[in-house]
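The chain contents come next:
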Amino acid sequence: MDAITMLKQDHQAVEDLFKQFERAGANAHVTRRNLVDRMIQELSVHAAIEEQIFYPVTRETVPAVEDQALEGLEEHHLFKLLLDELDGMDPTEERFAAKVTVLMENVRHHQDEEEADYFPKVREELGRNALNEIGDAMDEVKASVPTHPHPYAPDTPPANVVVGAAAGVVDRVGDTVSGLAQGSVSAALDLVARVRGTKKSQPAPTGSPTAKKVAADVRAKTAEAVDKVAGAKDEAERTGRATTKAATSGAKATVTSARKAATGTARSAATGAQRTRKTAATGAKQTRSTAKRAATSTKRAADAKR
């Protein structure tokens with residue numbers, strides 16, 4: 001799926017939850033608590049796929065969105081702080097609804113800015129194929145990113161890819177710290193190897209079968225995410241180069257056409273001017289001849305009278 005279409009669908013899903021919360025009565029504590037739980041999951045996953053895939057790839061390939069991406073990361077951090085406070089909070093507490101209201105106001109502002117300015121710049125710069133590649137990458141990592149807020153975790157690659165994969169496993173299956181730690185270390189080593197262009201290390205996980213499985217899952221999910229990011233970024237860069245080449249060719253063709261048109265216009269003007277001069281000269285000659293004949297006739301008539 002197109003990356004921007006996917007993110008807009010996420011925005012709409014969150015907005016639907018906001019409206020349901022606003023319609024719920026002040027005493028609908030169970031309903032409000034359930035809605036906030038769903039908000040926490042939707043926003044946590046949405047923020048993670050933007051931070052792991054969309055923001056880093058677009059920052060590298062669309063220079064015009066650099067500042068907006070950084071602002072988006074800061075806004076995400078604020079959302080996560082509120083989500084972290086709301087996670088598990090008793091809905092009967094007097095500040096529960098107030099926190100949700102502040103969350104909704106800030107998220108709506110963030111989403112409006114992305115849809116009005118950020119997304120159009122990205123769509124204009126990147127082609128359909130690149131956006132589909134980015135969308136595929138985001139869809140791939142959705143299954144492993146955190147479903148709860150982690151406001152103090154890294155939010156830029158490569159650290160957020162490693163920590164995000166580990167946190168996602170914790171959030172979803174709540175398994176052993178040993179496996180998570182081993183998997184994260186292996187994933188980090190894989191990333192270093194990828195950057196340096198060397199062979200990936202293959203440390204075997206140790207401990208219980210559960211720890212080994214968790215370690216393998218973290219490493220596999222992280223490697224998968226990094227491969228998707230690299231593929232999406234490469235596609236975006238190829239599209240950008242093709243767009244630049246096409247624009248340059250178009251500009252050259254326009255200049256050539258303009259030059260030809262200008263040359264043709266100049267030639268036509270020169271030919272027209274030459275014809276005008278000839279016509280004027282001929283007309284003047286004819287006028288002089290006519291005047292001469294008229295004068296001769298007048299003189300003859302006058303002599304005849306005398």
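Here is a short report on the structure shown in this document.

What counts as what
Residues numbered from 1 in each chain as written. Predicted model: local features only at pLDDT ≥ 70, side-chain atom pairs only at ≥ 80, totals over all residues. Heavy atoms only, no water. Helix = DSSP H or I, 4+ residues; strand = E, 2+ residues; numbered from the N terminus. Buried < 20%, exposed > 50% of the residue type's maximum accessible area, 1.4 Å probe, protein only. Contact = heavy atoms within 4.5 Å. Areas by Shrake-Rupley, 256 points an atom, 1.4 Å probe, with all protein chains shown as cover. Phe/Tyr/Trp six-rings, centres within 6.5 Å; stacked < 30°, edge-to-face > 60°. Polar contact = N/O pair within 3.5 Å; in protein donor to acceptor, adjacent residues only side chain to side chain. Expected span 1.5 Å × (residues − 1). Salt bridge = Lys/Arg side-chain N within 4 Å of Asp/Glu carboxyl O. Core = buried A, V, L, I, M, F, W, Y, C linked by side-chain atoms within 4.5 Å. Axes fitted to C-alpha atoms, helices over the stretch in contact; angles between N-to-C directions. Parallel < 35°, antiparallel > 145°, perpendicular 65-115°, else oblique. Left-handed = near helix turned anticlockwise from the far one by under 90°. Nonpolar A, V, L, I, M, F, W, Y, C, P; charged D, E, K, R; others polar. Bend = angle between axes of the 7 residues up to and from the residue. Patch = residues over 30% accessible without salt bridge, like charges linked within 9 Å, V, L, I, M, F, W, Y side chains within 5 Å. Lys, Arg positive; Asp, Glu negative; His and termini not counted. Charge placed at Lys NZ, Arg CZ, Asp CG, Glu CD.

## Here we look at the overall build of the protein
- A count of helical and extended segments in the protein gives eight helices and zero strands.
- Within the protein, the proportion of its 306 residues that are buried is 36%.
- Intrachain contacts of the protein at a sequence separation of at least 6 include 75% that bridge at least 24 residues.
- Of the roughly 17,300 Å² of accessible surface on the protein, 54% is carried by carbon and sulfur atoms.

## Observations concerning the packing of aromatic side chains
- Applying the stated rule across the entire model yields six aromatic pairs.
- Summarising the aromatic geometry, the rings of Phe-54 and Tyr-55 are spaced 6.5 Å apart at their centres and angled 50° between planes, so their arrangement reads as tilted.
- Accessibility expressed as a relative area gives 0% for Phe-54, which makes it buried.
- Judged by relative accessible area, Tyr-55 falls into the buried class, the value being 2%.
- Taken together, a centroid distance of 5.7 Å and an interplanar angle of 85° make the contact between Phe-54 and Phe-119 edge-to-face.

## Structural notes on the environment of Arg-33
- Note that Arg-33 resides in helix 2 (residues 29-61).
- Given the relative accessible area of 12%, Arg-33 is considered buried.
- Non-local contacts of Arg-33, meaning those with residues more than four positions away in its chain, are made with Ile-40, Leu-86, Asp-87, Gly-88, Met-89, Pro-91 and Phe-96.
- A polar atom in the side chain of Arg-33 sits 3.0 Å from the backbone oxygen of Leu-86.

## Quick word on the environment of Glu-115
- Along the chain, Glu-115 falls in helix 4 (residues 96-125).
- You can call Glu-115 partly exposed: its relative accessible area is 33%.
- A C-alpha to C-alpha distance of 8.8 Å links Glu-115 and Ile-4, two positions 111 residues apart in sequence.
- If we ignore the near neighbours within four places in the chain, the residues touching Glu-115 are Lys-8, His-11 and Pro-120.

## Details of helix 3 (residues 66-86)
- With 21 residues, helix 3 extends 31 Å between its outermost C-alpha atoms, agreeing within 8% with the 30 Å of an ideal straight helix rising 1.5 Å per residue.
- All buried positions along helix 3 are accounted for by Gln-68, Ala-69, Gly-72, Leu-73, Glu-75, His-76, Phe-79, Lys-80, Leu-82, Leu-83 and Leu-86.
- Just beyond helix 3, the residue with positive phi is Gly-88, at close to 90°.

## Details of the pattern of salt bridges
- Summed over the entire model, instances satisfying the criterion amount to nine salt bridges.
- It is possible to trace a salt-bridge network through shared partners that takes in Glu-15, Glu-22 and Arg-108.

## Some thoughts on the nonpolar core
- Core analysis: the largest hydrophobic core is formed by 26 residues, its most contacted members being Ile-49, Phe-54, Tyr-118, Val-122, Leu-126, Ile-134 and Met-138.
- Of all the secondary-structure elements, those providing two or more residues to this core are helix 1 (3-23), helix 2, helix 3, helix 4 and helix 5 (128-141).
- Apart from residues lying up to four places away in sequence, Val-122 is in contact with Ile-4, Phe-54, Thr-58, Val-62, Val-65 and Leu-131.
- Of all hydrophobic cores here, the second largest spans 19 residues; its members include Phe-18, Val-36, Met-39 and Phe-79.

## Remarks on the packing of helix 2 against helix 5
- Between helix 2 and helix 5, the shortest axis-to-axis distance is 9 Å and the interhelical angle comes to 165°. Looking at the two axes, helix 2 sits roughly antiparallel to helix 5. Read as a crossing pair, helix 2 and helix 5 show a hand that is right-handed. Between helix 2 and helix 5, the contacting residues are Ile-49, Gln-52, Ile-53, Phe-54 and Val-57 on the first element and Ile-134, Ala-137, Met-138 and Val-141 on the second.
- Looking at the contact of helix 2 with helix 5 residue by residue, the classes come out as eight nonpolar, one polar and no charged.

## Topic: the packing of helix 3 against helix 4
- It is at 10 Å that the axes of helix 3 and helix 4 come closest, and there the two elements cross at 160°. The angle between helix 3 and helix 4 places the two elements in the roughly antiparallel class. For the crossing formed where helix 3 meets helix 4, the hand is left-handed.
- For the contact of helix 3 with helix 4, a count of residues per class yields eleven nonpolar, six polar and six charged.

## A look at helix 2
- Taking 1.5 Å per residue, 33 residues should reach 48 Å; helix 2 reaches 46 Å between its end C-alpha atoms and fits that length.
- Largest kink in helix 2: about 45°, centred on Glu-50.

## Some thoughts on a negative patch on the surface
- Residues Asp-67, Glu-71, Asp-112, Glu-113 and Glu-115 make up a contiguous surface patch of negative charge.
- Per element, the largest residue contribution to the negative patch is three residues, and it comes from helix 4.
- Residue position: Glu-71 is located in helix 3.

## Some words on the environment of Phe-79
- Secondary-structure assignment places Phe-79 in helix 3.
- Of the residues examined, Phe-79 reaches a relative accessible area of 7% and is grouped as buried.
- Each C-alpha atom of the pair Phe-79 and Ala-47 lies 9.2 Å from the other, and the pair is 32 residues apart in sequence.
- Residue contacts for Phe-79: discarding those within four places in its chain leaves Leu-103, Asn-106, Val-107 and His-110.

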